[in-house]
Amino acid sequence: MAHECKPCDIRTCPLKACESGRTLAKDPCGCCDQCSRLEWEPCGGKDWELGYCSLGLTCAAVSQTGAVTLPDIGVCKVLPDSPEAGLEDERCPLQTGCDRAGAMCVCDARQSCLGSFAYPDMESCMRAGKTESRRHEHRDRQREKFVGPSNPACMFSGCNLTGQGCVCESQSCHHHFTYINRSQCQEAAEEMKCVGITCPALSMPSCPEGSVLTKSYTPPAGCCPTVPPQCTCDLRACHKPQCPSGQKTVPLSQATGKPEDCCDVLECVKGNVYKPSRPRIGVVFFVFLLREVVLV
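- The name an unreviewed UniProt entry assigns to the protein chain is IGFBP N-terminal domain-containing protein, from the organism Oncorhynchus mykiss.
- Annotation of the protein chain in UniProt includes, under Subcellular location (unreviewed entry), the sentence "Secreted".

### What to know about the pattern of salt bridges
- Taken as a whole, this structure holds nine salt bridges when the rule is applied.
- Here D33 makes a salt bridge to K26, at a shortest N to O gap of 3.1 Å.
- A relative accessible area of 23% places D33 in the partly exposed class.
- Among the residues examined, K26 registers a relative accessible area of 26% and is labelled partly exposed.
- A salt bridge links E41 to R37; the shortest N-O distance between them is 3.6 Å.
- Judged by its relative accessible area of 11%, R37 is buried.
- Each of the salt bridges in this network shares a partner with another, and the network as a whole consists of R22, R37 and E41.

### Section: the environment of P208
- Looking at where P208 falls in the secondary structure, it is placed in the loop between α2 (182–193) and β10 (211–213).
- We classify P208 as partly exposed; its relative accessible area is 31%.
- As a C-alpha pair, P208 and T232 span 24 residues in sequence and 9.2 Å in three-dimensional space.
- P208 has contacts with C231, P259 and E260, leaving out every residue within four places of it along the chain.

### A short note on the packing of aromatic side chains
- One pass over the structure, following the stated rule, counts one aromatic pair.
- Here W48 and Y52 contribute two aromatic rings whose centre-to-centre distance is 5.6 Å and whose plane-to-plane angle is 50°, an arrangement assigned as tilted. Grouping residues by exposure puts W48 and Y52 together as buried.

### A closer look at the nonpolar core
- C29, C43, W48, Y52, C53, C59 and C76 are the most contacted members of the largest nonpolar core, which has 17 residues in total.
- Those residues in contact with C53 that lie beyond four places of it in its chain are S36, R37, C43, T58, C59, C76 and L114.

### Notes on the pairing of strand β6 (residues 94–101)
- Alignment of β6 against strand β7 (residues 104–111), held across eight bridges, turns out to be antiparallel. Bridge pairing links A101 to M104 in β7.
- Once β6 ends, the chain turns through two residues before running back antiparallel as β7, passing G102 with a positive phi of about 70°.

### Examining the sheet that holds strand β3 (residues 42–44)
- Strand order in the open sheet made by the three strands is β3-β5-β4, with antiparallel pairing throughout. In this open sheet, the two strands that pair with only one neighbour each are β3 and β4 (58–60). Going from strand to strand, the sheet's axes swing by 55° on average, the running direction of each strand aside.
- Summarising the sheet, β4 and strand β5 (residues 73–77) pair through three bridges and their orientation is antiparallel. When the sheet's bridge partners are listed, A60 is paired in β5 with V75.

Reading the values: rules and limits
Residues numbered from 1 in each chain as written. Predicted model: local features only at pLDDT ≥ 70, side-chain atom pairs only at ≥ 80, totals over all residues. Heavy atoms only, no water. UniProt positions renumbered as here; feature names shortened; annotations may be inferred. Salt bridge = Lys/Arg side-chain N within 4 Å of Asp/Glu carboxyl O. Buried < 20%, exposed > 50% of the residue type's maximum accessible area, 1.4 Å probe, protein only. Helix = DSSP H or I, 4+ residues; strand = E, 2+ residues; numbered from the N terminus. Contact = heavy atoms within 4.5 Å. Phe/Tyr/Trp six-rings, centres within 6.5 Å; stacked < 30°, edge-to-face > 60°. Core = buried A, V, L, I, M, F, W, Y, C linked by side-chain atoms within 4.5 Å. Pairing = 2+ DSSP bridges. Axes fitted to C-alpha atoms, helices over the stretch in contact; angles between N-to-C directions.

Pasting the structure below:
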């Protein structure tokens, strides 16, 4: 909720370069674009500083049922009742824009922290379509004229780590790069930043059956974890009994969401299944005779 967040102008947003498997997600405060959190990773916290979960995952309470309540820290997990979590979220800013579907532009508006639109409006989308079409035509014409690069040696690309950070080049004539791309270079920079720093040993609790160990959390600018691993329920381990025909499941006890009490206890009982009754032949014959007597 907006009232839980401090003003955006006094917040420091993390870097936007996301590793494989993550997408950019705007936090529900509407301030920062962050890399989405993956399954079993911490999330939420004050001002959503630990991030927002990837599509299909809910920032759930660690030792309770349901979603986390800020400013508590939660964990990204699958909740069976919310398989499309993140597609729309009333806590998130309203996003409007358009995407291309073949030769058409499809525009929409939704409250979501994930999946920003490719184009801000219909005009930009249509203009991009025309530009792309002209680019294809130009590329086809150039392909017909192409006889080879003027200098085949100028085909190297990569990055070097300098005092100013990662410096990357493409189509260079010299193969002098330490890292093949910016992502690899930034990972190396993070590792070098923490060289010589010894972090305290993390406690690794043994989790009860039906629960898993969450991942730790290290702030983007930090070297040591600030949130240790914890045990949390894996609700996919809970199984609903398959009841025979004419029976239904009823809860005997409701789980608390603590690691040792993850799943509701359900039982199959006979349900109120309506079956139309068939009148007995003798009764039908008696009613028929009685009707004949009355008529006579």
